[in-house]
Amino acid sequence: MSGGFKSRHLTVVGLGLMGGSLARALRSRAEVITGVDRDPDTLKYALDHGIIDVSMEDLKAGVSEADTVILAAPVRVIIQMIEGRIGAYLRSNTLLIDIGSTKADICDAMARLPIGVQAIGGHPMTGKESNGIEESDANLYVGRPFVLCPSRRTTPATLARALLLVEAVGAVSIEMDATRHDQAVAAISHLPYLLSAALVATVAQEGNQDDAVWRLAAGGFRDTSRLAASDLKMMGDILSTNTRAVARILALFRRELAMIEAMLISQDDVKLAELLSPAREARLAWMQRVEAAKNGSGK
């Protein structure tokens, strides 16, 4: 464990896909890893597969000896833990980082933690369609953006240690204000989920009238409908803690959709092409940046 991130005692609270993957990725960087989860089967799996060394269902017992604590629970659960007594459970100078999908409410809660708690918000931009400790993967974070959002409890030492943690899991760190983060993910994550759900709901109505809709559905529908299968509790937490930003981006989308509808009704093919062309170019340019970033990282 020479150089980079090290932890004498790392605790991961929430051993689903994300938390389990972090525990795997940091396995060689921590002398002891404690997993805290309310599901005994999850804890048993993590122990049996060497993902953690110690299992706990009690939060206080699980974090009281840690020098690094990662909160990998749903957003509202993270907020409840921070607003509860976790600040009193932690040792002085413990690094507390979360990986919730929205950041403003979490960072606001972190700001009210006791002085001495080293807290910073985090959000790794990665995941899988399936959840659970069984799907955890030590390489899940490699090459992926990992946003860090400072709070009032983020000292320079806190940020430096969080950056080392991000580097240790192979991710690419991006420092960003929490509000700016929430506005960005409303556009590139939360809006796509709602559009996917609305798409499937619309197609389902058509499918009730004619089952050929489902029999003919293929790759295009599969790709654009994938997010509709996301976990409802997780997405409910995310949307309820980012309502204003999501509402704003939905209004922008409705305007774009109304313009497309107007062009279709007027049968103005030229203006419709002019409307759709920038979207195509924006998509192609984004994919070029993605490929350039992969090549730059040697992947």
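Bringing the overall build of the chain into the picture now. Helices and strands together make up the secondary structure of the chain, namely 13 helices and eight strands. Taken along its principal axes, the extent of the C-alpha atoms in the chain is 65 × 40 × 40 Å. Within the span of the chain, comprising 299 residues, buried residues form 40% of the whole. Considering only intrachain contacts with a sequence separation of at least 6, the fraction spanning at least 24 residues in the chain is 68%.

A water-sized probe, rolled over the atoms, reveals where empty space remains. Computed from the structure, the second largest pocket encloses a volume of approximately 200 Å³. Lining the second largest pocket, in full, are Ala104, Asp105, Thr179, Asp182, Gln183, Ser240, Thr241, Asn242, Thr243, Arg244, Ala245 and Arg248. Of all the secondary-structure elements, those providing two or more residues to the lining of the second largest pocket are helix 6 (104–110), helix 8 (178–209) and helix 12 (243–266). Looking at the lining of the second largest pocket, the element that brings in the most residues is helix 12, giving four residues.

Moving on, we get to the pairing of strand 1 (residues 7–13). Regular strands have side chains that alternate between both faces of the sheet. Along strand 1, six of the seven residues are buried, which leaves the element largely enclosed by surrounding structure. Pairing analysis gives six bridges linking strand 1 to strand 2 (residues 30–36), with the strands arranged parallel. Its bridge partner being in strand 2, Thr11 is matched across the sheet by Thr34. Regarding topology, helix 1 (residues 17–25) serves as the crossover connection from strand 1 to the parallel strand 2, and that connection is right-handed. Where strand 1 and strand 4 (residues 68–71) come together, four bridges link them in parallel fashion.

The eight strands lie next to each other as 3-2-1-4-5-6-7-8, forming an open sheet whose pairing is mixed. Each end of this open sheet is capped by a strand with a single partner; those strands are strand 3 (54–56) and strand 8 (172–175). Recorded for the sheet is a direction-independent mean angle of 25° between the axes of neighbouring strands. For strand 7 (residues 145–150) and strand 8, the ladder comprises four bridges, and the chain directions are parallel. When the bridges of strand 8 are listed, Phe146 appears paired with Ser173. Strands in contact with helix 7 (residues 156–168) are strand 1, strand 4, strand 5 (95–98), strand 6 (118–124), strand 7 and strand 8; relative to strand 5, the strand with the most contacts, it is inclined by about 55°.

Glancing now at the side chain of Ser7. Within the secondary structure layout, Ser7 lies in strand 1. A relative accessible area of 2% places Ser7 in the buried class. In terms of polar contacts, Ser7 uses its side chain to reach the side chain of Asp67, at 2.5 Å. Excluding anything up to four places from it in sequence, Ser7 contacts Arg29, Ala30, Glu31, Asp67, Thr68 and Arg161.

Attention shifts here to the nonpolar core. Ranked by internal contacts, the top residues of the largest apolar core, which has 34 residues, are Leu26, Ile70, Ile97, Ile99, Tyr141 and Leu148. Elements that contribute at least two residues to this core include exactly strand 1, helix 1, strand 2, helix 2 (40–48), strand 5, strand 7 and helix 7. Leaving out residues up to four positions away in the same chain, Leu26 has contacts with Phe5, Leu10, Ile33, Ile70, Leu165, Ala168 and Val169. In terms of nonpolar packing, the next biggest core, distinct from the first, is built from 26 residues, Val75, Val77, Leu96 and Ala109 among them.

Reading the values: rules and limits
Residues numbered from 1 in each chain as written. Predicted model: local features only at pLDDT ≥ 70, side-chain atom pairs only at ≥ 80, totals over all residues. Heavy atoms only, no water. Helix = DSSP H or I, 4+ residues; strand = E, 2+ residues; numbered from the N terminus. Buried < 20%, exposed > 50% of the residue type's maximum accessible area, 1.4 Å probe, protein only. Contact = heavy atoms within 4.5 Å. 1 Å grid on protein atoms, 1.4 Å probe; cavity = no way out; pocket = protein on both sides within 12 Å on 5 of 7 lines; lining within 4 Å. Points joined across faces, edges and corners; volume = space filled by probe spheres on them. Pairing = 2+ DSSP bridges. Right-handed = clockwise from strand over helix to strand, strands pointing away. Axes fitted to C-alpha atoms, helices over the stretch in contact; angles between N-to-C directions. Polar contact = N/O pair within 3.5 Å; in protein donor to acceptor, adjacent residues only side chain to side chain. Core = buried A, V, L, I, M, F, W, Y, C linked by side-chain atoms within 4.5 Å.

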